[in-house]
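In case you want the letters, here they are:
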Amino acid sequence: MRRSLFDKVWDAHVVEELPGGNALVFIDLVVAHEITTPPGAIAIEREFGDRLYEPDRIVAMIDHVAPAKDSATALQAQTVRTWAKRQGIRFHDIGDNGICHVIVPERGYVTPGMTVCCGDSHTCTLGAFGAFALGIGTTAQAGAMLAGCLILQRPKVMRVEVTGELPRDATAKDLALTVIATIGFRGGTGYVLEYTGSAIRALTMEQRMTLCNMAIEAGATTGIIAADATTTAYLAATPSAPVNWFAQAADEDAEYAATVTIDGSAVGPVVSWGTNPGECAPIGGSVPSDADATSLAYMDLRPGQPLRSIAIDQAFIGSCTNSRIGDLRAAAEVFRGRRVSVPTIVTPGSQAVRRQAEREGLHDIFQDAGALWTHSSCGPCLGMSMGVLAPGMRCVSSSNRNFPGRMGDGGRVHLAAPVVVAASAILGRLASPAELEPPSVALSASSGERAASATAVVA
Amino acid sequence: MIVEGGVLAIARANIDTDQIIPARYLTRIDANGMGEHCFEGLPDGAALLSSRPGAAILVTGENFGCGSSREHAAWALKDRGFRAVIAPSFARIFLENAYTNALVPVALPQQVVDELARAQHIAIDVAAETLRADGGEPIAFALDPLRKQFVLGGGFMQYLAAKIPSVRAWEAAR
Ligand code: SF4
């Protein structure tokens, strides 16, 4: 049988076939963060003499609440910290931290053909590297740390071919939301999404990560993209510059359980209106006439309402979907010389991204625009620490989930690309960058002068 | 093994893990004490729970447990007293977590689930893979034959620990 890329990676990691269509799958890398790791690490310590399969196959970090917001989250961080130290596990503490799905690729920890798991559903992000990367529960993660493998049902493979070329105003986020809207919010359940086609080949690694990041939002086990020259160049520029890997691709005429074709040239800016990521529409459009009533009641919207008429209370740029340097550069272009009209939080995906952004002066652009420029954390994305919404507050966000209460009890979330979030922050309503007036001359002076004048206004 | 009890029906698709247990409660280093926050993310969660105090069987809609990987969702349901979830389908990670925590995941067609949602009491024979609603005729369902043993006897981690020698041998020959 002609095999898909996923089939090849899977087949190369099966230790043993198990009853009921299950397999014991070898795991090359376990990523461990402070929210989901402690109970598993403690169980291994208590019941299995603290023995890990191979500490070198683990990388740990503090990412969700960084730094700790209270004693409970400090204990979570401290538990991972002492465990990593005791076990000699590579560890990214606060200061050197970042969202796990940003840190792992930027340091070159993931390479094509690997298997990666983490107690975090967005581990699918790493499929951008041609790896089989998936989210799992705490106990399964503990099992992988103990025994070097996972018990998995072999997923089916859905080929998602994106033809043509994305238009200039369309981003990887718009493509990710379009894929979910096309196959459905649960349409990927039981599948791995294998992305192919000219529009995929043209994406940068960061854009591929944005796309794969949202595979879980279609219910898919993960997404995967074959490595190519773009991948090689990206990995060569990482601090560990890994070389010990080889690129695999699907066989020509590989068999897929399902195939979906999307015309890349027809993708445009999209924003979510509902309470799952599949409930989205072009930003120039309206809330659908057949929209789910429960979603609309929660979101306080009505069918037919133009999306551009929806006023917002907060804007957030960040999360493992859209917080890398390319995202920040794109958002900064929109903010440059303009002012936000609602509270706006910009949270880089890692401290390395933060430092790079500051070298490029992006932090000045954000702050001159009136946005809050923060340290790296998952932050507002999961409503757990900073930037939490109050009931009824409406936030446009570059993150990946708009479930009820996701960013705070009763809070409402509209998912969009960073440039759409930036434009919306400026206009105070859902908006695309195309709607913005050119920035005023006075505000497009050098960033240093802008910073001085902003300070003068405050004084 | 018979898992039985009163029924709480939440006839809604796509109940995600943020609704089962919001992120603000994911601050423990153990799996305990999550039950008091179960369904706090569901706008009418508290009212639903108090309408059926002591319910042990949850009957709900498609794609239950979608969203984040948090095993806390299974822990919260267990701690709240639920022993089984009956739905037309489950999200993958939730399904895996349910098995490892002996929260019996029963997948049945939508119309059967709709009927079960009207039941007062459901008894599930896990080994036989059948259930009875209010003493009615048995209804068959299917469990993952491997993971079923973790529901019946636990031992997920022990099962993997026993595999370590073959994993090491496989890796050496890789
Ligand atoms: S940024 Fe949000 S979605 Fe991504 S890992 Fe953190 S909490 Fe999860």
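Below you will find a few notes about this structure. Nothing here was measured: the structure is a model prediction, and the numbers come from that model.

### Structural notes on the overall build of chain B
Part 1: On a plain count of helices and strands, chain B comes out with seven helices and seven strands.
Part 2: Secondary structure elements in chain B, listed N-terminal to C-terminal, are β-α-α-β-α-β-α-β-α-β-β-β-α-α.
Part 3: Its C-alpha atoms give chain B a radius of gyration of 17 Å, near enough to 16 Å, the size a compact globule of 174 residues would have.
Part 4: Projected onto its principal axes, the C-alpha coordinates of chain B cover approximately 55 × 40 × 25 Å.
Part 5: When burial is assessed residue by residue, chain B has 55% of its 174 residues classed as buried.
Part 6: Taking the contacts inside chain B whose residues are at least 6 apart along the sequence as the reference set, 66% of them involve residues at least 24 apart.
Part 7: Surface exposure of chain B reaches about 6600 Å², of which carbon and sulfur atoms provide 52%.

### Let's talk about the interface of chain B and chain A
Part 1: Listed by partner, the interface residues are 50 residues for chain B and 62 residues for chain A.
Part 2: Summing the contributions of chain B and of chain A, the shared interface buries around 4500 Å²; its carbon and sulfur component is 60%.
Part 3: Between chain B and chain A we count six salt bridges in total.
Part 4: Note that B:Asp18 is salt-bridged to A:Arg406, the shortest N-O span being 3.0 Å.
Part 5: Inspection of the chain B/chain A interface yields 22 residue pairs in polar contact (both at pLDDT 80 or more).
Part 6: Of all the secondary structure elements, the ones that give two or more residues to the side of chain B that touches chain A are helix H1 (17-20), helix H3 (72-79), helix H4 (92-100) and helix H7 (156-172) of chain B.
Part 7: Residue contributions to the side of chain B that touches chain A peak at 13 residues, all from H7(B).
Part 8: Each residue belonging to the side of chain B that touches chain A can be placed in one class, and the counts come to 20 nonpolar, 13 polar and 17 charged.

### Observations concerning H3(B)
Part 1: Of all eight residues making up H3(B), six are buried, and the element is well covered by its neighbours.
Part 2: Buried residues along H3(B) sit in contact with helix H2 (38-47) and helix H5 (138-147) of chain A together with H1, strand S2 (57-60), strand S3 (84-87) and H4 of chain B.
Part 3: Looking one or two places after H3(B), you find B:Gly81, whose phi comes out positive at around 110 degrees.

### Comments concerning unusual backbone geometry
Part 1: Each neighbour pair has its own omega, and for A:Ala66 with A:Pro67 the value is -5 degrees, a cis peptide bond.
Part 2: As for its position among the elements, A:Pro67 is in the loop between strand S4 (58-61) and helix H3 (71-87).
Part 3: Backbone geometry at B:Asn14 places phi at a positive 65 degrees, although glycine is not the residue there.
Part 4: Here B:Asn14 lies in the loop between strand S1 (2-10) and H1.
Part 5: Its relative accessible area of 17% is what places B:Asn14 among the buried residues.
Part 6: Positioned with a positive phi, B:Asn63 is a non-glycine residue whose angle comes to about 60 degrees.
Part 7: Mapped onto the fold, B:Asn63 is located in the loop between S2 and H3.

### Quick word on the packing of H2(A) against H5(A)
Residues and elements named next belong to chain A.
Part 1: Where H2 meets H5, the axes come as close as 8 Å, and the angle between the chain directions of the two elements is 45 degrees. Classified by the interaxial angle, the pair formed by H2 and H5 is oblique. Considering the relative orientation of H2 and H5, their crossing is right-handed. In contact with Pro39, Gly40, Ala41 and Ile44 of H2, H5 contributes Thr138, Ala142, Met145 and Leu146.

### Comments concerning the site of the ligand
Part 1: In the vicinity of the ligand, the residues found are A:His64, A:Ile99, A:His101, A:Asp120, A:His122, A:Ser319, A:Cys320, A:Cys378, A:Cys381, A:Leu382, A:Asn400 and A:Arg406.
Part 2: For the shell around the ligand, a count of residues per class yields five nonpolar, five polar and two charged.

### Some thoughts on the packing of aromatic side chains
Part 1: Considering all chains together, one arrives at 13 aromatic pairs over all chains under this definition.
Part 2: Between B:Phe90 and B:Phe94, the aromatic rings sit 6.2 Å apart at their centres with planes inclined by 15 degrees, giving stacked as the arrangement.
Part 3: We classify B:Phe94 as buried; its relative accessible area is 4%.
Part 4: Aromatic ring contacts, followed pair by pair, group A:Phe6, A:Trp10 and A:Phe132 into a single cluster.
Part 5: Positioned over the ring face of A:Tyr109 is A:Arg90, at 4.8 Å from the centre of the ring.
Part 6: Sitting over the ring of A:Tyr53, B:Arg168 keeps its end group 4.2 Å from the ring centre.

### With respect to the sheet that holds strand S10 (residues 191-196) of chain A
Residues and elements named next belong to chain A.
Part 1: Across the sheet, which stays open at both edges, the four strands sit in the order S11-S10-S9-S12 with parallel pairing between neighbours. Taken across any chain shown, the strands that pair with only one partner, and hence form the sheet edges, are strand S11 (222-224) and strand S12 (258-263). Put simply, the sheet's adjacent strands are angled 25 degrees from each other on average, direction ignored.
Part 2: In this structure, strand S9 (residues 156-163) lies alongside S12, joined through six bridges in parallel fashion. The residue bridging Met158 from the neighbouring strand is Ala258, located in S12.

### Remarks on the nonpolar core
Part 1: The biggest cluster of nonpolar side chains holds 82 residues, and the ones touching the most others in it are A:Phe335, A:Phe366, B:Phe39, B:Phe64 and B:Leu77.
Part 2: With near-sequence residues (within four places) excluded, A:Phe335 lies in contact with A:Ile317, A:Val340, A:Thr344, A:Ile365, A:Phe366, A:Ala369, A:Ala422, A:Ala425 and A:Ile426.
Part 3: With 63 residues, the next largest nonpolar core counts A:Ala131, A:Met158, A:Ala227 and A:Leu415 among its residues.

### Details of the pattern of salt bridges
Part 1: If you walk through the whole model with that rule in mind, you get 33 salt bridges over all chains.
Part 2: A:Asp228 serves as the salt-bridge partner of A:Arg201, at 2.9 Å between the closest nitrogen and oxygen. Here A:Asp228 lies in the loop between S11 and helix H9 (229-236) and A:Arg201 lies in helix H7 (residues 198-201), a separation of 27 residues in the sequence.
Part 3: Of the charged contacts in the structure, one is a salt bridge between B:Arg28 and B:Asp30, with a shortest N-O distance of 2.9 Å.
Part 4: In this structure B:Arg28 comes out as partly exposed when scored by relative accessible area, which is 34%.
Part 5: Each of A:Arg3, A:Asp7, A:Asp11 and A:Arg154 takes part in one network of salt bridges that share partners.

### So, the sheet that holds strand S15 (residues 314-317) of chain A
Residues and elements named next belong to chain A.
Part 1: The five strands are arranged S17-S16-S15-S18-S19 in an open sheet whose pairing can be described as parallel. Two strands in the sheet have a free side with no partner beyond their single neighbour: strand S17 (372-373) and strand S19 (412-415).
Part 2: Here S15 pairs with strand S16 (residues 344-346) via three bridges, running parallel. The residue of S16 that forms the bridge with Ala315 is Thr344.
Part 3: In this fold helix H11 (residues 325-335) packs onto S15, S16 and S17, with an angle of close to 140 degrees to the strand it touches most, S15.
Part 4: Along the sheet, helix H14 (residues 418-427) makes contact with S15, S16 and strand S18 (394-397), crossing S15 at roughly 155 degrees.

So, how was this worked out
- Residues numbered from 1 in each chain as written.
- Chains lettered and ligands numbered in written order.
- Predicted model: local features only at pLDDT ≥ 70, side-chain atom pairs only at ≥ 80, totals over all residues.
- Heavy atoms only, no water.
- Helix = DSSP H or I, 4+ residues; strand = E, 2+ residues; numbered from the N terminus.
- Rg over C-alpha atoms; globule rule 2.2 N^0.38 Å.
- Buried < 20%, exposed > 50% of the residue type's maximum accessible area, 1.4 Å probe, protein only.
- Contact = heavy atoms within 4.5 Å.
- Areas by Shrake-Rupley, 256 points an atom, 1.4 Å probe, with all protein chains shown as cover.
- Buried area = accessible area lost by both parts, 1.4 Å probe.
- Salt bridge = Lys/Arg side-chain N within 4 Å of Asp/Glu carboxyl O.
- Polar contact = N/O pair within 3.5 Å; in protein donor to acceptor, adjacent residues only side chain to side chain.
- Nonpolar A, V, L, I, M, F, W, Y, C, P; charged D, E, K, R; others polar.
- Axes fitted to C-alpha atoms, helices over the stretch in contact; angles between N-to-C directions.
- Parallel < 35°, antiparallel > 145°, perpendicular 65-115°, else oblique.
- Left-handed = near helix turned anticlockwise from the far one by under 90°.
- Near = heavy atom within 4 Å.
- Phe/Tyr/Trp six-rings, centres within 6.5 Å; stacked < 30°, edge-to-face > 60°.
- Lys NZ or Arg CZ within 6 Å of the ring centre and 35° of its normal.
- Pairing = 2+ DSSP bridges.
- Core = buried A, V, L, I, M, F, W, Y, C linked by side-chain atoms within 4.5 Å.

Treat this as a map of the structure, not an account of what it does.
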